[in-house]
Amino acid sequence: VGVLSLLNVNAQGISVSTFEELQSAVSGDYDTIILSADIPITETLEIDDEKIVTTGGSYSLVRGSGFASNLISVSQSGNLTLQSQGTLTIDGGSEACQGSLINNKGSLHIKSGVELINNNSSLSGSAVNNSGSFTLDGGAIYNNSQTAESGRYGVIYSNDNSSLTIKSGEIHDNTTTTSGTIF
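Residues numbered from 1 in each chain as written. Predicted model: local features only at pLDDT ≥ 70, side-chain atom pairs only at ≥ 80, totals over all residues. Heavy atoms only, no water.

1. Side note on the overall build of the protein
The helix and strand tally for the protein stands at one helix and 21 strands. Put simply, 67% of the contacts in the protein that link residues at least 6 apart link residues at least 24 apart. On the protein, roughly 8000 Å² of surface is accessible, and the fraction owed to carbon and sulfur atoms is 43%. (Helix = DSSP H or I, 4+ residues; strand = E, 2+ residues; numbered from the N terminus. Contact = heavy atoms within 4.5 Å. Areas by Shrake-Rupley, 256 points an atom, 1.4 Å probe, with all protein chains shown as cover.)

As C-alpha coordinates, then:
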(Lines give C-alpha, C1' and ligand atoms only; values in the text may rest on other atoms or scores of the structure.)
Protein backbone atom coordinates (compact mmCIF):
# COMPACT_ATOMS: atom_id res chain seq x y z
CA VAL A 1 0.00 0.00 0.00
CA GLY A 2 1.53 3.30 -1.10
CA VAL A 3 1.70 6.43 1.06
CA LEU A 4 -1.02 8.21 -0.92
CA SER A 5 -3.50 5.36 -0.64
CA LEU A 6 -3.67 6.04 3.10
CA LEU A 7 -4.34 9.76 2.71
CA ASN A 8 -7.58 11.67 2.86
CA VAL A 9 -8.54 12.38 -0.77
CA ASN A 10 -11.73 14.37 -1.43
CA ALA A 11 -13.25 16.69 -4.02
CA GLN A 12 -11.21 19.62 -2.67
CA GLY A 13 -7.85 17.82 -3.05
CA ILE A 14 -5.53 15.61 -1.05
CA SER A 15 -4.81 16.28 2.62
CA VAL A 16 -1.20 15.84 3.83
CA SER A 17 0.36 16.00 7.30
CA THR A 18 3.94 14.71 6.85
CA PHE A 19 6.84 15.55 4.55
CA GLU A 20 6.61 12.12 2.92
CA GLU A 21 2.92 12.63 2.14
CA LEU A 22 3.58 16.14 0.82
CA GLN A 23 6.44 14.93 -1.38
CA SER A 24 4.30 12.10 -2.78
CA ALA A 25 1.37 14.45 -3.45
CA VAL A 26 3.64 16.97 -5.20
CA SER A 27 5.06 14.28 -7.49
CA GLY A 28 1.63 12.65 -8.01
CA ASP A 29 -1.43 13.49 -10.07
CA TYR A 30 -3.03 15.75 -7.45
CA ASP A 31 -3.73 19.34 -8.49
CA THR A 32 -4.67 20.60 -5.01
CA ILE A 33 -2.70 19.76 -1.88
CA ILE A 34 -4.20 20.70 1.50
CA LEU A 35 -1.85 20.99 4.49
CA SER A 36 -3.33 19.61 7.69
CA ALA A 37 -0.25 19.97 9.94
CA ASP A 38 3.02 21.89 10.29
CA ILE A 39 5.59 20.12 8.10
CA PRO A 40 9.39 20.41 8.36
CA ILE A 41 11.03 20.52 4.91
CA THR A 42 14.20 18.40 4.80
CA GLU A 43 14.83 18.48 1.05
CA THR A 44 13.72 20.67 -1.84
CA LEU A 45 10.12 20.19 -3.00
CA GLU A 46 10.24 20.05 -6.81
CA ILE A 47 7.14 21.40 -8.61
CA ASP A 48 7.11 20.21 -12.23
CA ASP A 49 3.43 20.70 -13.17
CA GLU A 50 0.38 22.61 -11.96
CA LYS A 51 -0.17 22.50 -8.17
CA ILE A 52 -2.19 24.48 -5.65
CA VAL A 53 -1.05 24.27 -2.03
CA THR A 54 -3.58 25.53 0.48
CA THR A 55 -4.84 25.17 4.03
CA GLY A 56 -8.14 25.76 5.77
CA GLY A 57 -6.37 26.43 9.07
CA SER A 58 -2.98 27.84 9.99
CA TYR A 59 -0.05 25.60 9.09
CA SER A 60 3.61 26.01 8.18
CA LEU A 61 6.19 24.54 5.88
CA VAL A 62 9.38 25.21 7.85
CA ARG A 63 13.04 24.65 7.01
CA GLY A 64 14.18 21.46 8.73
CA SER A 65 17.26 21.48 10.93
CA GLY A 66 20.47 21.31 8.89
CA PHE A 67 18.72 21.79 5.52
CA ALA A 68 20.28 24.81 3.76
CA SER A 69 19.01 24.72 0.14
CA ASN A 70 15.84 26.00 -1.59
CA LEU A 71 12.64 24.93 0.20
CA ILE A 72 10.53 24.89 -2.97
CA SER A 73 11.71 24.84 -6.58
CA VAL A 74 9.27 25.51 -9.44
CA SER A 75 10.64 24.19 -12.76
CA GLN A 76 10.09 25.89 -16.14
CA SER A 77 7.08 23.61 -16.70
CA GLY A 78 5.78 24.16 -13.15
CA ASN A 79 2.89 26.35 -12.03
CA LEU A 80 2.50 26.82 -8.26
CA THR A 81 -0.29 28.70 -6.48
CA LEU A 82 -0.05 29.21 -2.72
CA GLN A 83 -3.23 30.34 -0.94
CA SER A 84 -5.01 29.87 2.38
CA GLN A 85 -8.33 30.34 4.13
CA GLY A 86 -6.26 30.64 7.34
CA THR A 87 -2.50 31.14 7.19
CA LEU A 88 0.00 29.17 5.13
CA THR A 89 3.50 30.08 6.33
CA ILE A 90 6.66 29.22 4.39
CA ASP A 91 9.28 29.68 7.12
CA GLY A 92 13.05 29.68 6.61
CA GLY A 93 13.66 29.13 10.31
CA SER A 94 16.02 32.16 10.62
CA GLU A 95 19.19 30.06 10.37
CA ALA A 96 21.86 30.92 7.78
CA CYS A 97 21.36 29.05 4.51
CA GLN A 98 22.29 29.08 0.83
CA GLY A 99 18.79 28.87 -0.63
CA SER A 100 15.57 30.72 -1.28
CA LEU A 101 12.20 29.96 0.23
CA ILE A 102 11.01 29.60 -3.37
CA ASN A 103 13.22 29.30 -6.46
CA ASN A 104 10.89 29.95 -9.40
CA LYS A 105 11.67 29.18 -13.05
CA GLY A 106 8.02 28.63 -14.04
CA SER A 107 4.90 30.37 -12.78
CA LEU A 108 4.37 31.33 -9.12
CA HIS A 109 1.24 32.92 -7.63
CA ILE A 110 1.14 34.00 -3.96
CA LYS A 111 -2.37 34.83 -2.74
CA SER A 112 -4.07 35.94 0.48
CA GLY A 113 -3.24 34.10 3.67
CA VAL A 114 0.34 33.19 2.65
CA GLU A 115 3.45 34.35 4.51
CA LEU A 116 7.06 34.00 3.30
CA ILE A 117 9.16 34.62 6.42
CA ASN A 118 12.42 34.17 8.32
CA ASN A 119 14.85 33.18 5.56
CA ASN A 120 18.47 34.22 6.08
CA SER A 121 20.23 33.44 2.80
CA SER A 122 23.58 34.39 1.33
CA LEU A 123 22.14 34.06 -2.19
CA SER A 124 19.98 36.39 -4.30
CA GLY A 125 16.28 36.27 -3.59
CA SER A 126 16.19 34.96 -0.05
CA ALA A 127 12.37 34.89 -0.18
CA VAL A 128 11.84 34.44 -3.94
CA ASN A 129 14.49 33.95 -6.61
CA ASN A 130 12.49 34.48 -9.80
CA SER A 131 13.53 33.69 -13.35
CA GLY A 132 9.96 32.91 -14.49
CA SER A 133 6.66 34.66 -13.80
CA PHE A 134 5.86 35.71 -10.21
CA THR A 135 2.60 37.36 -9.11
CA LEU A 136 2.03 38.60 -5.56
CA ASP A 137 -1.72 39.04 -5.10
CA GLY A 138 -2.10 39.13 -1.33
CA GLY A 139 0.00 37.54 1.36
CA ALA A 140 3.06 38.91 3.12
CA ILE A 141 6.85 38.72 2.74
CA TYR A 142 8.70 39.77 5.87
CA ASN A 143 11.63 39.11 8.26
CA ASN A 144 13.87 37.80 5.46
CA SER A 145 17.48 38.77 4.88
CA GLN A 146 19.99 38.50 2.08
CA THR A 147 23.42 38.48 3.69
CA ALA A 148 26.07 38.28 0.93
CA GLU A 149 28.61 41.08 0.76
CA SER A 150 28.59 41.44 -3.05
CA GLY A 151 27.18 40.02 -6.25
CA ARG A 152 23.89 38.89 -4.68
CA TYR A 153 20.67 40.84 -4.70
CA GLY A 154 17.41 41.36 -2.91
CA VAL A 155 14.95 39.46 -0.80
CA ILE A 156 12.88 39.22 -3.99
CA TYR A 157 15.19 38.84 -6.98
CA SER A 158 13.69 38.88 -10.46
CA ASN A 159 16.23 38.47 -13.25
CA ASP A 160 16.25 40.24 -16.64
CA ASN A 161 14.14 37.65 -18.47
CA SER A 162 11.46 37.27 -15.80
CA SER A 163 8.12 38.84 -14.96
CA LEU A 164 7.22 40.28 -11.55
CA THR A 165 3.69 41.58 -10.84
CA ILE A 166 2.68 42.97 -7.45
CA LYS A 167 -1.10 43.43 -7.25
CA SER A 168 -1.49 43.48 -3.48
CA GLY A 169 0.10 42.16 -0.31
CA GLU A 170 2.70 43.29 2.20
CA ILE A 171 6.50 43.44 1.91
CA HIS A 172 8.16 44.76 5.06
CA ASP A 173 10.95 44.33 7.62
CA ASN A 174 13.34 42.62 5.21
CA THR A 175 17.07 43.41 4.99
CA THR A 176 19.81 43.16 2.38
CA THR A 177 23.50 43.99 2.47
CA THR A 178 24.06 45.03 -1.16
CA SER A 179 20.78 46.16 -2.76
CA GLY A 180 17.10 46.91 -2.23
CA THR A 181 14.52 44.43 -1.00
CA ILE A 182 13.23 43.94 -4.55
CA PHE A 183 15.88 43.74 -7.25
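Structure shown, so let's carry the discussion forward.
2. With respect to the sheet that holds strand β12 (residues 102–104)
Taken in spatial order, the five strands make up an open sheet running β5-β8-β12-β16-β19, and their pairing is parallel. The open sheet has two edge strands with one neighbour each: β5 (45–47) and β19 (156–158). Within the sheet, the average angular offset between the axes of one strand and its neighbour, ignoring direction, is 10°. Of the strand pairs in this sheet, strand β8 (residues 72–74) and β12 are connected by three bridges, and their pairing is parallel. Bridging from a neighbouring strand, Val-74 pairs with Asn-104 of β12. (Pairing = 2+ DSSP bridges. Axes fitted to C-alpha atoms, helices over the stretch in contact; angles between N-to-C directions.)

3. What about the nonpolar core?
Leu-22 and Ile-72 are the most contacted members of the largest nonpolar core, which has 35 residues in total. A per-element tally of this core places helix α1 (residues 19–27) first, with four residues. In this view, Leu-22 contacts Val-16, Ile-33, Leu-35, Ile-39, Ile-41, Leu-45 and Leu-61; residues no more than four positions away in its chain are not counted. (Core = buried A, V, L, I, M, F, W, Y, C linked by side-chain atoms within 4.5 Å. Buried < 20%, exposed > 50% of the residue type's maximum accessible area, 1.4 Å probe, protein only.)

4. Observations regarding the sheet that holds strand β15 (residues 120–121)
The strand order across the open sheet built from four strands is β11-β15-β18-β21, with neighbouring strands paired in parallel fashion. Strands with a single pairing partner mark the edges of an open sheet, and in this sheet they are β11 (96–97) and β21 (175–176). Judged from the two bridges that link them, strand β18 (residues 145–146) and β21 form a sheet pairing that is parallel. Across the sheet, the residue bridging to Gln-146 is Thr-176, located in β21.

5. Description of the pairing of strand β3 (residues 32–35)
Burial along β3 is two-sided: the face carrying Thr-32 and Ile-34 and the face carrying Ile-33 and Leu-35 are both buried. Note: strand β2 (residues 13–16) against β3, three bridges, orientation parallel. Across the sheet, Ile-14 pairs through a bridge with Ile-33, a residue of β3. Pairing of β3 with strand β6 (residues 50–54), which is carried by three bridges, proceeds in the parallel orientation. Counted as the bridge partner of Thr-32 is Ile-52 from β6.

6. Comments concerning the pattern of salt bridges
Applying the stated criterion across every chain, the model contains one salt bridge. Between Lys-51 and Asp-49 there is a salt bridge; the shortest N-O distance is 3.6 Å. Looking at Asp-49, the relative accessible area reads 34%, which means it is partly exposed. (Salt bridge = Lys/Arg side-chain N within 4 Å of Asp/Glu carboxyl O.)

7. Quick word on the side chain of Ser-158
Within the secondary structure, Ser-158 is located in strand β19. A polar side-chain atom of Ser-158 sits 2.9 Å from a polar atom in the side chain of Asn-130. Here Ser-162 takes part through its side chain, which lies 2.6 Å from a polar atom of the side chain of Ser-158. (Polar contact = N/O pair within 3.5 Å; in protein donor to acceptor, adjacent residues only side chain to side chain.)

8. Quick notes on the pairing of strand β13 (residues 107–111)
On any regular strand, side chains alternate: one points to one face of the sheet, the next to the other face. Sheet topology places strand β9 (residues 79–82) next to β13; four bridges connect them, and they run parallel. Among the inter-strand pairings, Asn-79 is bridged to a residue of β13, identified as Ser-107. Here β13 runs beside strand β17 (residues 133–142); their pairing, made up of five bridges, is parallel. Note on β17: the bridge partner recorded for Ser-107 is Ser-133.

9. Overview of the confidence of the model for the protein
Per-chain confidence: the protein averages 90 in pLDDT, with 89% of residues scoring 70 or above. For residues 1–6, every residue scores under 50 in pLDDT, and the model assigns this stretch nine contacts once sequence neighbours within four places are set aside. (pLDDT = per-residue confidence, 0-100.)

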